[in-house]
Amino acid sequence: MQHIHNKSLLSFMVPNEKQGIAVTNPATGEMIGYAPISSEQSILDGIERASIAQKEWSAMPAKSRAALLHKWYQLLLENKQDLARLMTLEQGKPLAEAQGEVVYGASFIEWFAEEAKRTYGETIPAPSADKRLVTIKQPVGVACAITPWNFPIAMITRKAGPALAAGCSFVVKPSESTPLSAFAVAELAYQAGIPRDVLQVVLGESSRQVGGIFTSHPLIRKVSFTGSTQVGSILMQQSAHDVKRTSMELGGNAPFIVFDDADIDEAVAGAMASKFRNAGQTCVCANRFYVHSKVYDEFVAKFDAAVQQLKVGNGLEEGVTIGPVVSESAKQNIQALIDGAVEQGAEPVSELKALDGLFMQPVILKNVTHDMAIVSQEIFGPVAPIIRFETDEELIEMANDTIYGLASYFYSQNIHRVWKIAEALEYGMVGINEGLISTEVAPFGGVKQSGIGREGAKQGIDEYMDVKYLCFGGNK
Ligand code: ADP
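Scoring rules and cut-offs
Residues numbered from 1 in each chain as written. Predicted model: local features only at pLDDT ≥ 70, side-chain atom pairs only at ≥ 80, totals over all residues. Heavy atoms only, no water. Near = heavy atom within 4 Å. Polar contact = N/O pair within 3.5 Å; in protein donor to acceptor, adjacent residues only side chain to side chain. Areas by Shrake-Rupley, 256 points an atom, 1.4 Å probe, with all protein chains shown as cover. Helix = DSSP H or I, 4+ residues; strand = E, 2+ residues; numbered from the N terminus. Nonpolar A, V, L, I, M, F, W, Y, C, P; charged D, E, K, R; others polar. UniProt positions renumbered as here; feature names shortened; annotations may be inferred. Contact = heavy atoms within 4.5 Å. Pairing = 2+ DSSP bridges. Salt bridge = Lys/Arg side-chain N within 4 Å of Asp/Glu carboxyl O. Buried < 20%, exposed > 50% of the residue type's maximum accessible area, 1.4 Å probe, protein only. Axes fitted to C-alpha atoms, helices over the stretch in contact; angles between N-to-C directions.

## Overview of the site of the ligand
In the vicinity of the ligand there are 17 residues, among which Thr147, Trp149, Lys173, Glu176 and Ser228 approach most closely. Between the ligand and threonine 147, the relevant distance is 2.7 Å, taken from an oxygen atom to a main-chain nitrogen or oxygen of the residue. Considered on its own, the ligand offers 550 Å² of accessible surface; in the complex 78% of this is hidden by protein. Top element by residues in the shell around the ligand is helix 7 (residues 207-216). It accounts for three residues. A class-by-class count of the residues in the shell around the ligand yields seven nonpolar, seven polar and three charged.

Shown next, in the form of structure tokens:
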């Protein structure tokens, strides 16, 4: 860990596998360190303490909670370099992207520090003269979260920020592949003055065990999850037993559409950003490209020229733009999707090179058809399948032909078409002439099996608050 200068960020680490879970660097296979594992009893005790601490936390004026969140935000930015290096070590993404994620992750803490002061209720004109009607918003209580490995910091802060701002206490289980960033971020929260019982990071014996505890514990009133649709569905079913509130940010299958009236150079730039960020491992990644036949060859040629500029390697090395994928099984799944498509007639635009370890050569596949598995499944890797289309009607049908509905993207310069397509796409988010849509100020979330609830924006804090209606009667 010679890469990390502020050693206090690593104070949570435990010395060996008896007490902790081993975390490895996906670029090298080397062991980086051990993150602490909690026993079932200590997780249960932590939830009890979170419930007690929540009373005091929510009783603080919002302005005081906001001040502590602001301090946390500042510490995250001050420690940007160390946090980014730690993230690259355990997750693999290029250092520049990791730095970007620290800033993006921190932005949710800043935003919700501000929103803490704006959780307004309403006064409602009463239907009769003797009554006065008012609503107030109150924190749900103890909230918990389960987060994935692809954004080890941002997927936590976009939940912890609104939860703490609302006056909830918050217990999170990060991914077992990337827990170090999670503990380091929490360490900075404690240094900012946020009580340890109000914000807790826990790993258990297994994710299933912790998911079971969270979804069945009577003191937990809210379950927030980012990950696969399959696991999200399990957690919703488990949460249904005690009717807990849930927010689910699940899988995606984003179409990236290029019409014949698009600016092709801009579309290529957007495609690069949307497809290859984080080696294609984001839930809003372009998963399948639909390109109008009139501009198909031009788009494919320019896109491929840009892909040839990508540099695969260890994210700590200068100039690397594509790190490793997360695991051997992920690599095999991605490879199987490529092989299946090629068997059915898809053509790699450049040579398919097999790389060692968890690295994969980014590739574009042309002559892909809508019925291939690579089109209907979430690829989560650096592969861009490109399908040809002719009419808007056919396009809309193909674009919406999926169980998912998270992000979508399209490029067109025609204002009438822009409105028509934006309204017709069955997705929670639409990038129009834009490949990067995520920001803390806009509502992030999906429809269909991509989930429920929104993160970020003014909507994000409502996920952690209940609306209470007060009816004042007897007014003479
Ligand atoms: P991904 O494809 O991002 O790995 P997963 O849904 O498998 O998606 O994992 C996301 C998070 O869910 C991780 O923190 C993982 O440990 C956790 N997880 C996986 N399976 C379960 C489960 N059965 N119950 C609770 N959490 C789970």
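## So, the UniProt feature "domain: Aldehyde dehydrogenase" (unreviewed entry) in the protein chain
As recorded in UniProt, the sites labelled "domain: Aldehyde dehydrogenase" (unreviewed entry) are residues 16-469. Secondary structure within residues 16-469 divides into 41% helix and 20% strand; the distance between the first and last C-alpha atoms comes to 52 Å.

## Examining the UniProt feature "active site" (unreviewed entry) in the protein chain
Taken from the UniProt record, the annotation "active site" (unreviewed entry) applies to Glu249. With respect to the element layout, glutamate 249 can be found in strand 9 (residues 245-249). Once residues lying within four places of it in the same chain are set aside, the contact partners of glutamate 249 are Met155, Arg158, Phe225, Thr226, Gly227, Cys283, Leu406, Phe444, Ser450 and Glu455.

## A word on the environment of lysine 244
Along the chain, lysine 244 turns up in the loop between helix 8 (229-240) and strand 9. Measuring from C-alpha to C-alpha, the distance between lysine 244 and histidine 217 comes to 9.8 Å, with 27 residues separating the pair along the chain. Ignoring sequence-local partners within four residues, the contact set of lysine 244 consists of Phe214, Thr215, Ser216, His217, Pro218, Ile220, Arg221, Val223 and Ser239. Side-chain polar atoms of lysine 244 contact the backbone oxygen of histidine 217, separated by 2.6 Å. There is a polar contact of 2.9 Å between the side chain of lysine 244 and the backbone oxygen of isoleucine 220.

## A look at the sheet that holds strand 15 (residues 407-411)
Sheet strands line up and pair through hydrogen bonds in the backbone, either parallel or antiparallel. Here we have seven strands laid out as an open sheet, ordered 12-13-14-11-10-15-16, and mixed in their pairing. On the outer flanks of this sheet lie strand 12 (347-348) and strand 16 (429-432), each paired with one strand and no other.

## Notes on the pattern of salt bridges
Any two side chains of opposite charge can pair, so long as their charged atoms come close to each other. Within the structure shown, the criterion is met by 22 salt bridges. Residue arginine 85 is joined to aspartate 82 by a salt bridge in which the shortest nitrogen-to-oxygen separation is 2.9 Å. Here arginine 85 pairs with aspartate 82, and both are found in helix 3 (residues 80-91), just three residues apart, close to one helical turn. For arginine 158, the salt bridge is made with glutamate 455, and the minimal N-O distance between the two is 3.0 Å. In this pair, arginine 158 sits in helix 5 (residues 154-166) while glutamate 455 sits in the loop between strand 17 (451-452) and helix 15 (459-462), placing the two residues 297 residues apart along the sequence. Grouping residues by exposure puts arginine 158 and glutamate 455 together as buried.

## Comments concerning the environment of glutamate 343
Here glutamate 343 shows up in helix 11 (residues 328-343). Sequence separation between glutamate 343 and valine 467 is 124 residues, and the spatial gap between their C-alpha atoms is 55 Å.

## Things to note about unusual backbone geometry
Most peptide bonds take the trans configuration, and most residues that are not glycine carry a negative phi. We note that valine 243 has phi near 55 degrees; this positive angle belongs to a residue other than glycine. Residue position: valine 243 is located in the loop between helix 8 and strand 9. For valine 243, a relative accessible area of 64% gives the class exposed. At asparagine 278, a position not held by glycine, the phi torsion is positive, near 55 degrees. Position of asparagine 278 among the secondary structure elements: in the loop between helix 9 (264-276) and strand 11 (286-292).

## Focus on the sheet that holds strand 5 (residues 142-146)
The strand order across the open sheet formed by six strands is 7-6-5-8-9-17, and the pairing between neighbours is mixed. Looking at strand neighbours, the two that pair on one side only are strand 7 (199-201) and strand 17, the edges of this open sheet. As defined by bridge partners, strand 8 (residues 220-226) adjoins strand 9 across five bridges and the pair is classed as parallel. The residue of strand 9 that forms the bridge with lysine 222 is arginine 245. Seen against the sheet, helix 8 touches strand 5, strand 8, strand 9 and strand 17 and runs at an angle of roughly 175 degrees to strand 9.

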